[in-house]
Amino acid sequence: MKTLKVGIVGCGNISSIYMENCKNFDHLELIACADLDEQRAVSQAEKYGIPKACSVDEILQDKEIDLIINLTIPKAHAAVCLQALEAGKHVYTEKPLAVTREEGKQILETAKKQNRLVGSAPDTFLGAGIQTAIHLIEQGEIGTPIGASAFMISRGHEHWHPDPAFYYDIGGGPMFDMGPYYLTALVSLLGPIKRISGSARISYPERLITSQPKAGETIKVNTPTHIAGTIDFSSGAIGTLTTTFDAFGGSTLPPIEIYGSEGTLLVPDPNTFGGPVKIRKRDEKEFTEIPLSYGFSQNSRGLGVADMATAILNGKSFRANGQLAYHVLEAMHGFHVSSETSTHYLMESTCVRPEPLNVEQESTN
């Protein structure tokens, strides 16, 4: 079997699951990792049996490496992606693709110029839960999709995260932190977005950290922490999305619901790979849980990398691609821009709805 040699840039918390899961795909060979804190790279390399730990410059210049997985903080995504592409490597980045639309466009343009591919998290929509939901829609189980509602309700990160300040800076907030999961899931279920209307606010100008080791410090909030809006899909379906870090009392709202002409579909948390998936058809009194018809129900982060690697090796298309990631990035900005200008935001970009996974080929972990 042909293999693709991979390097990881950024050895923080999220890197562990990628390093662990790379071992589950025979066509991925993780040969190096790098971090600005080289000791952290050394520690992760030792823990996960990675042959080489090195500096960021060294990994980008390593001619053996075909694909860079970019797991840096959001503000660094664009710079690292561009450096990797200019070094002649394909790149897959954690979400979001970039902080600004201009950076996102530059990444796609550079990839085209260098004849390299760009992929981006989230890849949770490739998991068993959302793929099962997509399959039910494709089979007409809820008829024609008419609308959707999605809720990401949270009290924020300062009560548990060891260093939460960046969640409240430009490029953070609930929309840019969690919006990629919800919007990517909605696009994979209903197709690309045509128009967005949004309202956004900073509810609390400062946040008090209560988690260690920075308990007692305050964070100045520089990005909206409560955003709500309406999504018009090109298909004609209409959705609503609320994302917040301001719900200190919690919530009982479902993550995602899809409403069709013949029934309603309950879609699982798009920040996970599993279920449950439930459906209630016209005239039925209760929702019924549907068995998952795909594999990858556990934390399978890196699945998008594996799909991308297959595309590189075989010259095929892949699902968690740069066009999808940029469309989602633009949509997130659309909520903010609509609120700031008191107008609808008309999307400039579009994308192809990701092709569903094949049940027979993808039914095992």
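First, a word on what this report is: a plain description of the structure on this page. (Residues numbered from 1 in each chain as written. Predicted model: local features only at pLDDT ≥ 70, side-chain atom pairs only at ≥ 80, totals over all residues. Heavy atoms only, no water.)

### Things to note about the nonpolar core
At step 1: Ranked by size, the top nonpolar core spans 107 residues in total, and within it Leu-183, Ile-258 and Leu-265 carry the most contacts.
At step 2: When residues of this core are assigned to their parent elements, the largest contribution, 11 residues, is made by helix α7 (residues 173-190).
At step 3: If sequence neighbours within four positions are ignored, Leu-183 has contacts with Met-175, Ile-193, Ile-231, Leu-241, Val-328, Ala-331, Met-332 and Phe-335. (Core = buried A, V, L, I, M, F, W, Y, C linked by side-chain atoms within 4.5 Å. Buried < 20%, exposed > 50% of the residue type's maximum accessible area, 1.4 Å probe, protein only. Helix = DSSP H or I, 4+ residues; strand = E, 2+ residues; numbered from the N terminus. Contact = heavy atoms within 4.5 Å.)

### Section: helix α1 (residues 15-22)
At step 1: The buried fraction of α1 is high, at 6 of 8 residues.
At step 2: Among the residues making up α1, those that are buried are Ser-15, Ser-16, Tyr-18, Met-19, Asn-21 and Cys-22.
At step 3: For α1, the secondary structure elements touched by its buried residues are β1 (4-9), β2 (28-34), α2 (38-48), β4 (67-70), β5 (90-93) and α8 (303-314).

### Side note on the sheet that holds β4
At step 1: Taken together, the 6 strands give an open sheet; going across it, the order is β3-β2-β1-β4-β5-β6, and neighbouring strands pair in parallel fashion. The outermost strands of the open sheet, each flanked by one partner alone, are β3 (52-54) and β6 (118-120). Across the sheet, the mean angle separating the axes of adjacent strands is 25 degrees when strand polarity is ignored.
At step 2: Relative to β5, β4 runs parallel, the two being bridged by 4 bridges. (Pairing = 2+ DSSP bridges. Axes fitted to C-alpha atoms, helices over the stretch in contact; angles between N-to-C directions.)

### Quick word on empty space enclosed by the protein
At step 1: Under the defined criterion, the tally for this structure stands at 1 cavity of 30 Å³ or more.
At step 2: Counted as a void, the largest cavity has a volume near 80 Å³.
At step 3: Lining the largest cavity we find 15 residues, and of these Ser-120, Ala-121, Pro-122, Thr-184 and Ala-325 sit closest to its centre.
At step 4: Looking at the lining of the largest cavity, the element that brings in the most residues is helix α9 (residues 322-341), giving 5 residues.
At step 5: The class makeup of the residues in the lining of the largest cavity is 12 nonpolar, 3 polar and no charged. (1 Å grid on protein atoms, 1.4 Å probe; cavity = no way out; pocket = protein on both sides within 12 Å on 5 of 7 lines; lining within 4 Å. Points joined across faces, edges and corners; volume = space filled by probe spheres on them. Nonpolar A, V, L, I, M, F, W, Y, C, P; charged D, E, K, R; others polar.)

### Comments concerning a negative patch on the surface
At step 1: On the surface, Asp-37, Glu-38, Asp-57 and Glu-58 cluster together into a patch of negative charge.
At step 2: With respect to the secondary-structure elements, Glu-38 resides in helix α2. (Patch = residues over 30% accessible without salt bridge, like charges linked within 9 Å, V, L, I, M, F, W, Y side chains within 5 Å. Areas by Shrake-Rupley, 256 points an atom, 1.4 Å probe, with all protein chains shown as cover. Salt bridge = Lys/Arg side-chain N within 4 Å of Asp/Glu carboxyl O. Lys, Arg positive; Asp, Glu negative; His and termini not counted. Charge placed at Lys NZ, Arg CZ, Asp CG, Glu CD.)

### Description of the sheet that holds strand β15 (residues 277-281)
Sheet strands pair by backbone hydrogen bonding; their relative direction is either parallel or antiparallel.
At step 1: The 9 strands lie next to each other as β16-β15-β14-β13-β7-β12-β11-β8-β17, forming an open sheet whose pairing is mixed. On the outer flanks of this sheet lie β16 (288-290) and β17 (345-346), each paired with one strand and no other.
At step 2: Both β15 and β16 contribute to a ladder of 3 bridges, which runs antiparallel. Residue pairing across strands places Val-277 opposite Ile-290, the latter belonging to β16.
At step 3: Contacts between α7 and the sheet are confined to β7 (145-153), β8 (193-201), β11 (226-233), β12 (238-244), β13 (256-260) and β14 (263-267), with β7 contributing the most and set at about 160 degrees to the helix.

### Comments concerning unusual backbone geometry
At step 1: For the bond running from Lys-95 to Pro-96, omega is -10 degrees, close enough to zero to count as cis.
At step 2: With respect to the helices and strands, the residue Pro-96 is situated in the loop between β5 and α5 (101-114).
At step 3: Residue Pro-276 follows Gly-275 across a cis peptide bond; omega there is 5 degrees.
At step 4: Tracing the backbone shows Pro-276 in the loop between β14 and β15.
At step 5: The phi angle at Asn-115 is positive, at roughly 55 degrees, despite the residue not being glycine.

### Brief notes about the pairing of β7
At step 1: Inspection of the sheet shows β7 paired to β13 by 5 bridges, in the antiparallel sense. Residue pairing across strands places Ala-148 opposite Ile-258, the latter belonging to β13.
At step 2: As paired elements, β7 and β12 share 7 bridges and run parallel to each other. Residue pairing in the sheet places Phe-151 in a bridge with Thr-242 of β12.

### Quick look at the side chain of Thr-244
At step 1: Relative to the helices and strands, Thr-244 is located in strand β12.
At step 2: The exposure class assigned to Thr-244 is buried, which follows from its relative accessible area of 2%.
At step 3: Not counting the four nearest positions on each side in its chain, Thr-244 is found in contact with Met-152, Ile-153, Ser-154, Pro-174, Thr-225 and His-226.

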